[in-house]
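# Structure assessment
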Amino acid sequence: MFETSCFGPLLKLRKIKLASQLVHQLLMRSMKTKKEEAWFKIGNKRARFGLQEFVLVTGLNATSSENVEMSGGADCRIVKDHFKKSGGKIMKGDVYEAFKRCKRNQTDKYKLGLIIILAYVLLATEENTLIELWWFELVDDLDLFDKFPWGKMSYDYTIRIVKRDMGDKLRNSLKEGQSRCRYSLHDFPLAIMIWAFEAIPNLGKKFAKKYCDGIPRMLGWEQPKRLTSSDVVTVLESKELEVMSTLIPTEVELQEVYWKELTPCVQEEDTDSEDSKGDDTEHGGEPSHSFHQHSPRVSEPPPVRHDHNIADVVRMEMEKLEERLLGVISKRLERMEYKIDSLVEMAAVGRFHSTTSAYDSPIHNTTNVPVSPPEVKRKEKDGPNDAMDELEKERIMEDEDGEELAGGEKSAEDENVGNETEFVEKGMSGDFCTPEKLEEDENKSTKVVGDIVQIESTGFDIPKGRGHRTKRKARLLCSPFTDPTKRRKLSDLDVYDPYREMDPSKVDDLNKWMEAASTSDLVPLHHCDVEAKSLLDLLNKDGWLTGEIVNEALYHIRDRALKFPNLFQQDCCILDCYFCQFVESAHGEWQIHAQSPRKEEFKFSKSLLKYVDGSIPELGKCWKDCRYLYAPCCAIGSHWFAVKIDLEDRTIFIFDSLKSHVRKAELEAFMKPLQVVIPMLMKLHVKCDDSYSTEKFKFVKMKEVPQQHNGSDCGIFTIKYIEFLQANMDVCAIQPAYIPMWRKKLAAELLAWHFEP
């Protein structure tokens, strides 16, 4: 019954504690405003906590309450039946005792439970506070009680925490040297804490765990720990702190009832009152907005406060476009590098046609080249032949483009290119030639401008007309910190060698980066930008690896396995560190569904199903083609270990470099979602067989595995466990003595966006 009530979302809250120190620090940064909303100054930025933010966080009804009389109630049935000796004065504790005594009448017990939620959660006060008697009269009519805007009342009461001008009092108490200023947080301060996690992403990343698709947003957060004031101050006073001035609803949230009911009220309020001239809250600069993470962003601003949102939504759209363009450019550059490596490999094994040059590609083609390479036996996986097929397709497209330039006319692009061209004379030798040979050619002169290598032809006249269009050489440099032209080339790769010494050019690039690195810098890696501190922690022998670093390393391991299929397992899928979080979230939703009286079929989230079909993580694999799954796990918030999931034997093997760190009960609780959810996914979306058993997978903690010698190497051990398992190597060969070298090698390869086999 509680789930279907107006307080249903509160029952689905995850394990979360009120961080009073966080609210305290926000109150110290509160600003004066005449509006019925709170503004906070975080560094040099401002953030609003208003009715819109409260509703997006809680999902409670916040419409008007004009038709409800908030008085009386002393003569209602519930008061007479359960509080006969109260004399019209009922305290919170009295309601709780009556709730425990009420065993026969389950309907009254349910109604008393609703009053308890009001008194202890939404409108929380001191224990000896009297309960409003009209609550009992209202709860006796459940339909009227559910329609009442308890969200608006809770917001009005909660906003008084800030509006009672506590900020100056708290700041003055510190100046006068007082050690403590006592006050109580009444009503629903939990909403302010969760809003802070949304509006100040660094707070959420540092102190809480975010789950996907939580609607309302308070259902997507977990924060089981107590926070200290010093930790909160450190985050709030950091130099490059991202602050969202307002929260913007997603497309899904725009369709929720609580938002549709709120919109007319907010529009009416905005029409009745403009910004106060005497308002001390100066909203200077361009405000930023927080979208709900992992949910579709709105394509246009919400239908309120257009004067604030239009410019910001346009800016956000431009930023999204820029991100997509950077992603496309990065993939194109990576694909070009892969093609070049494939050409080099083909040349090394003599697979070029006798009349084909390595530089007879779409960007150099000016001579007669066979329409297709000689037929050779193709591999099942992508290989050099697939690269040649792509080159042939691009050559045809270039020839089609060249038709527009027939007759010797040059395009504007050709005029801009100037001498930044490279030409191979018709009839030149078809032998494979390396860049080194080209540089030594006496008929060519080379020069480097920025990131583009220019090769000028000095001894030939460039012909004009169809098929002789000059083209710009593709840019090979992907990482802004490294030069792939200096990268060493490895030959005779018959086995994976984890002990191979580091590439000297990558080490030089790493050292140069370290000389100028600052902990506040952002370092562009393949998936995302990470703080320089994360890479510096990787280089520190006592540094702990973040999830971004682990995910980045596992991506390059997947990429390397595709490029060298003969060295690494191909019947496996390497997942990322978010997978376990998705599984845990799905397990919690499944438990709620199992207790529900409705018999609808349980459906997994789309995000989790994308893991199954190989859509995520990047370069993932469909589980139908895999026997093994490898995944990193982070238990109790700070300890990494690796799991190997055998889908055929229905067993999960745990590789832990610090076996005594996680207690048995904690490990069993952590592994239970994996044991339950994976067989369900296998039955519904992999095997698609009703006879497949959904009995829990068993898990085995491997005993004979190398152990770390400190408290911070668990991350690098986890990466190495997965790396060795994918290469069919004995994990016992992972020795702590190699860890410092592996840390530095991993940092250098992450910075170069390239892993060696």
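Residues numbered from 1 in each chain as written. Predicted model: local features only at pLDDT ≥ 70, side-chain atom pairs only at ≥ 80, totals over all residues. Heavy atoms only, no water.

An unreviewed UniProt entry annotates the protein chain as Ubiquitin-like protease domain-containing protein originating from Abeliophyllum distichum.

Quick look at unusual backbone geometry now. Between Ile616 and Pro617 the backbone carries a cis peptide bond, its omega angle lying at 0°. Following the sequence through the fold, Pro617 ends up in the loop between helix H24 (606-613) and strand S13 (628-635). Unlike most non-glycine residues, Leu619 shows phi in positive territory, near 65°. The backbone phi angle of Asn728 is positive, close to 60°, even though this residue is not glycine. (Helix = DSSP H or I, 4+ residues; strand = E, 2+ residues; numbered from the N terminus.)

The interhelical angle for the contact between helix H26 (residues 714-726) and helix H27 (residues 739-752), taken along N-to-C directions, is 85°, at an axis separation of 11 Å. Considering their axes alone, H26 and H27 lie roughly perpendicular with respect to each other. Only Ile739, Trp742, Arg743 and Leu746 of H27 make contact with H26, whose side of the interface consists of Ile716, Phe717, Ile719, Lys720 and Phe724. Considering only residue class, the contact of H26 with H27 consists of seven nonpolar, no polar and two charged. (Axes fitted to C-alpha atoms, helices over the stretch in contact; angles between N-to-C directions. Parallel < 35°, antiparallel > 145°, perpendicular 65-115°, else oblique. Contact = heavy atoms within 4.5 Å. Nonpolar A, V, L, I, M, F, W, Y, C, P; charged D, E, K, R; others polar.)

It is worth spelling out empty space enclosed by the protein at this point. What the rule picks out here adds up to nine cavities of 30 Å³ or more. Around the second largest cavity sit 16 residues that line it, and Lys720, Glu723, Lys745, Glu749 and Phe755 are the ones nearest its centre. For the lining of the second largest cavity, the secondary structure elements donating two or more residues are helix H22 (547-563), H26 and H27. Partitioning the lining of the second largest cavity into residue classes produces nine nonpolar, no polar and seven charged. (1 Å grid on protein atoms, 1.4 Å probe; cavity = no way out; pocket = protein on both sides within 12 Å on 5 of 7 lines; lining within 4 Å. Points joined across faces, edges and corners; volume = space filled by probe spheres on them.)

A word on the pairing of S13. When you tally the buried positions in S13, you get seven out of eight residues, the bulk of the element. Looking at chain direction, strand S12 (residues 572-574) and S13 are connected through three bridges and run parallel. When the bridges of S13 are listed, Ile574 appears paired with Tyr630. Here eight bridges tie S13 to strand S14 (residues 639-646), and the two strands are oriented antiparallel to one another. Its bridge partner being in S14, Tyr630 is matched across the sheet by Lys644. Count of turn residues in the S13/S14 antiparallel hairpin: three residues, of which Ile636 carries a positive phi of about 45°. (Buried < 20%, exposed > 50% of the residue type's maximum accessible area, 1.4 Å probe, protein only. Pairing = 2+ DSSP bridges.)

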